[in-house]
Each structure stands twice: as C-alpha cells, then as structure tokens.
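Below, each chain spelled out in residue letters.
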Amino acid sequence: MTIELTVLAWGCVLALVHIFAAVRVKTRQYGTKWNMGARDETLPPPEPIVGRLARAQANFFETFPLAAAAILIVTVAGRSSQWTEIGALLWLAARIVYLPLYWAGIPVVRTLVWTVGLVGIGMVLWPALAG
C-alpha cells in the first residue's frame, strides 16, 4: 500500500478521534441521558470546550474529503511521488496537531497549522493538475 493510502487510513482514524472527542465533552456537559436520547430538547449554551471541539470536528470534515480525493486521484492515476508522500504526511501531521490546538483555544498557531495542512493537500493534488 502506498504511503498516501496509509495516510488516508490514518485520516479515517483521526476522523473517529474527532467524533469521539467532541461527543465525549458534550456528553460530559449534557449527560448520558441526552446522549442516548432523541436529542430533541433545547440545550443551554455549550461550554467553550464543547464548542471548540465541535468546530474542530466540522473543520476536519471540511478538509478531509479534499485530502481523500487528492490522495485517491494521484494513487489511481499513478502520479504518486516523493512530493505527494510528503504532502500527505504533512496534511496528516498538521491535522493531528490542529485538534489539541483548537481544544486548548490557541488562535494564531492553530490557523498556521491549518494552512500547513492545506499546503499538504496542494502538494498531493498538484501532480494531478499539472499533468
């Protein structure tokens, strides 16, 4: 299996980490009954950490499909290279670092790390676009 596809598999694991981290802190605030119920009730405003992890999760799921598509495109097209490998690893590393930064509420560094992840996606996608 290529490095890019391995990164994609770890990206799926990271997606699960995002889901479970967000729901864990939300359940801590609203309770197990809320988590196991229909969730129809109006809730009080979320604590800051609940909101941060929900936004981090949403942000991950905005970029994950782009990374996945880029990785699949270069893999199927046979356009993988050392640079696409580095780009995929860069994306994954940035996304791993991004979650605790958002959790901790660290603003500027978080945005820089997000940008590094976007550059990684670009590095993977570029060979497919440059033909």
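First, a word on what this report is: a plain description of the structure on this page.

Let us now look at the packing of helix α4 (residues 82-104) against helix α5 (residues 107-130). Following both chains from N to C, one finds α4 and α5 inclined at 160°, their axes separated by 7 Å at the closest point. Overall, the two elements α4 and α5 adopt an arrangement that is roughly antiparallel. Where α4 crosses over α5, the two elements pack in a sense that is left-handed. Of the residues contributing to the contact of α4 with α5, the split by class is 19 nonpolar, 4 polar and 2 charged.

With that out of the way, let us pick up the side chain of Asn59. Locating Asn59 in the fold gives a position in helix α3 (residues 48-76). Taking relative accessible area as the criterion, Asn59 reaches 13% and is therefore assigned buried. In this structure, Asn59 is in contact with Arg95, Tyr98 and Trp114, ignoring residues within four places of it in sequence.

A separate point is the nonpolar core. Counting 16 residues, the largest nonpolar core has Val7, Phe60, Ile71, Trp91 and Val124 as its most contacted members. Looking at this core, the elements with two or more residues in it are α1 (3-30), α3, α4 and α5. Per-element tally for this core: the top contributor is α3, with 7 residues. Once residues lying within four places of it in the same chain are set aside, the contact partners of Ile71 are Glu4, Leu5, Val7, Leu8, Ala88 and Val124. Counting residues in each nonpolar core, the second largest holds 13 residues, with Ala21, Val50, Leu53 and Ala94 among its members.

Each value, and the rule that gives it
- Residues numbered from 1 in each chain as written.
- Predicted model: local features only at pLDDT ≥ 70, side-chain atom pairs only at ≥ 80, totals over all residues.
- Heavy atoms only, no water.
- Axes fitted to C-alpha atoms, helices over the stretch in contact; angles between N-to-C directions.
- Helix = DSSP H or I, 4+ residues; strand = E, 2+ residues; numbered from the N terminus.
- Parallel < 35°, antiparallel > 145°, perpendicular 65-115°, else oblique.
- Left-handed = near helix turned anticlockwise from the far one by under 90°.
- Nonpolar A, V, L, I, M, F, W, Y, C, P; charged D, E, K, R; others polar.
- Buried < 20%, exposed > 50% of the residue type's maximum accessible area, 1.4 Å probe, protein only.
- Contact = heavy atoms within 4.5 Å.
- Core = buried A, V, L, I, M, F, W, Y, C linked by side-chain atoms within 4.5 Å.

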